Amino acid sequence: MVTTSLNPLQPAALHATDYWNDSCSIQELNYAIANGAVGATSNPTIVLAVLKKELPAWRERINQIIESNPAWSEVEIAWKLIEEMGTKAAALLLPVFEREKGKKGRISLQTNPTFYRNAPAIVEQATHFDSLAPNIQVKVPATSAGITAAEEVTYRGLNLNATVCFTIPQAIAVAEAVERGLKRRSTEGKDVTNQTPVCTMMIGRLDDWIKVVAKKEGVTIIPGHLDWAGIAAIKKAYGIFRQRGYRTRLLAAAYRHHLHWSELLGGDVIMTIPYDWQVQFNQSDIEVKERMSDPVDPQIVSELYNKFPDFRRAYDPDGMTVHDFDHYGATVRTLRTFISSYYELLAFIRDFMLPDPDKK
């Protein structure tokens, strides 16, 4: 197994860049920590994938939860399992958390994706998650209701990770909500020094959406240019965040190719990288050097900007209002994926509770 350090442990110029494991899998997280990872993340799709991949490690525990809670439905059992996965990962990351004095070493737990329109429900579940371990980061969607929730959970002293975010307007709205929450806390004399808010930009999913639009509308474009939409968006957002002094840190997610890693090296950002991509990057011959400050080719940006209104909406700081977030194509596609995975997870648990008698 290759354990050469990834970007966090490369020469001093790259020390600003951190990476997380894009999974709560203990097996994958062990590999990631050995290679310099300082965090991890989870969502319904990830939890379901971990269960399918590592079922022998969880089968007995699932049955124990079912037997110990005879009145629970698959919903309560599924969330108990999600929380246990999260706390196991939190325990594995605790030495990092303690070494970094609380600034790193957290596991992100995603609130119920079906709550994307319900700010109070998001806040309530996020507050509960925060109580599970000292190093929990709560994931809140960058929907209209989620922006409201982001301010409130920040005000309550929780560590935020905004997700379901693809665009510069969403990232700015998250950062502004965090600033409002931090200001409210500070005004009341409450401590904000241990809060490390993060905003995830799902750069690969922005690429995916622009590709869908190109196919639907029959747009002809220079090959390869569609792979730069997410990179262009996060690099521009990074400049805005630094200029405005936002205390929220950007995180890149949804990897599709090595540019989603190599083009962001050296920036004061986090990369949440799936295990398979970690292994591939570790074994690659790509030079590890600072590239975050390298601008995306203006010709690429110009072609995307001129041919795709949805790229303009993603790229312009005022390209969307908060109300528009819920209806943006990448948002809708991702929410549908997360919600479908959540219901598939419930069905997976249901098969333990009510095994199909036709298959015996």
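Everything numeric here is computed off the predicted structure, so don't read it as measured data. Along each chain, the written sequence defines residue order, and numbers are assigned to residues from 1. The predicted origin of the model limits local features to residues at a pLDDT of at least 70 and limits the giving and counting of side-chain atom pairs to 80 or more, whereas totals for whole chains, interfaces and linings rest on all residues. Side-chain numbers here rest on the full set of heavy atoms in the structure, without hydrogens or water.

(A) Local environment of the overall build of the protein chain. The helix and strand tally for the protein chain stands at 14 helices and eight strands. For the radius of gyration, the atom set is restricted to C-alpha positions; the globular benchmark scales as 2.2 Å times the number of residues to the power 0.38. In terms of C-alpha radius of gyration, the protein chain reaches 20 Å, essentially the compact-globule figure of 21 Å for 360 residues. The principal-axis extents of the C-alpha atoms in the protein chain amount to approximately 60 × 55 × 45 Å. Only protein chains enter the calculation, and the probe is 1.4 Å; a residue is then buried if its accessible area is under 20% of its type maximum, exposed if over 50%, and partly exposed in between. In the protein chain, which comprises 360 residues, the share counted as buried stands at 57%. Between two residues, a contact is recorded if the distance between any of their heavy atoms is within 4.5 Å. Excluding contacts between residues fewer than 6 apart, the proportion of contacts in the protein chain whose partners are at least 24 apart in sequence is 72%. Total accessible area on the protein chain stands at roughly 15,400 Å², and carbon and sulfur atoms take up 51% of it. Charged residues are defined narrowly, with Lys and Arg counted positive, Asp and Glu counted negative, and His plus the chain ends left uncounted. Charged groups are reduced to one reference atom each: NZ for lysine, CZ for arginine, CG for aspartic acid, CD for glutamic acid. Side-chain charges in the protein chain split into 40 positive and 42 negative, and the spacing between the mean points of these groups amounts to 2 Å. Strands are runs of DSSP state E lasting at least two residues, helices are runs of H or I lasting at least four, and both sets are numbered from the N terminus onward. The accessible surface values rely on the Shrake-Rupley method and a 1.4 Å probe; as for residues, cover is taken only from the protein chains in view.

(B) Expanded view of the packing of helix α3 (residues 55-68) against helix α4 (residues 74-99). With their axes 10 Å apart at the nearest point, α3 and α4 run at an angle of 135° to one another. With respect to their mutual orientation, α3 and α4 come out oblique. Between α3 and α4 the crossing geometry is right-handed. Seen from α3, the contacting residues are Trp58, Arg61, Ile62, Ile65 and Ile66; seen from α4, they are Ile77, Lys80, Leu81, Glu84, Met85 and Lys88. Geometry is summarised by axes, namely lines fitted to C-alpha atoms with helices restricted to the contacting stretch, and by angles between N-to-C directions that run from 0 to 180 degrees. Angle categories: roughly parallel below 35 degrees, roughly antiparallel above 145, roughly perpendicular from 65 to 115, and oblique for all the rest. Left-handed describes a crossing whose near helix is turned anticlockwise from the far helix by less than a right angle; the clockwise case is right-handed.

(C) A look at empty space enclosed by the protein. For each structure, a 1 Å grid was placed over the protein atoms alone; sets of points admitting a 1.4 Å probe that cannot get out are labelled cavities, open sets with protein on both sides within 12 Å along at least five of seven lines are labelled pockets, and lining residues have an atom within 4 Å of a point. Grid points are joined across faces, edges and corners, and a volume is the space filled by probe spheres set on the points. Under the criterion given, the structure shown has one cavity of 30 Å³ or more. Approximately 50 Å³ is the volume attributed to the largest cavity. The wall of the largest cavity is formed by Ser42, Asn43, Pro44, Val47, Trp79, Ile82, Leu109 and Gln110. Partitioning the lining of the largest cavity into residue classes produces five nonpolar, three polar and no charged. For this scheme, ten residues count as nonpolar: Ala, Val, Leu, Ile, Met, Phe, Trp, Tyr, Cys and Pro. Four count as charged, namely Asp, Glu, Lys and Arg, and the remainder, Gly too, count as polar.

(D) Structural view of unusual backbone geometry. In this model, Val164 sits at a positive phi of 50°, which is unusual for a non-glycine residue. Positive phi outside glycine occurs at Ala254, with the angle close to 70°.

(E) Examining helix α12 (residues 298-307) more closely. Among the residues of α12, Ile300, Val301, Glu303 and Leu304 are the ones counted as buried. End-on view of α12: buried residues confined to an arc of 165°, all on one side of the axis. Away from the buried face of α12 by more than 90 degrees, exposed residues Pro298 and Asn306 are located. Buried positions along α12 lie against α9 (229-244) and α13 (309-315). You can read the cap of α12 off the contacts: a side-chain oxygen lies 2.9 Å from the backbone nitrogen of Gln299, and it is on Asp297. In this description, one arc is meant: the one made by directions from the helix axis to the C-beta atoms. N or O atoms closer than or at 3.5 Å make up a polar contact, with two conditions inside protein: a donor-capable atom paired with an acceptor-capable one, and, for residues adjacent in sequence, both atoms drawn from side chains.

(F) Highlighting the pairing of strand β6 (residues 198-202). Taking burial as the measure, the five residues of β6 include five buried ones, the bulk of the element. Strands pair, by our definition, only if DSSP identifies at least two bridges between them. As defined by bridge partners, strand β5 (residues 160-163) adjoins β6 across two bridges and the pair is classed as parallel. Counted as the bridge partner of Asn161 is Val198 from β6. Summarising the sheet, β6 and strand β7 (residues 249-253) pair through five bridges and their orientation is parallel. Each bridged residue has a counterpart across the sheet, and for Val198 the counterpart in β7 is Arg249.

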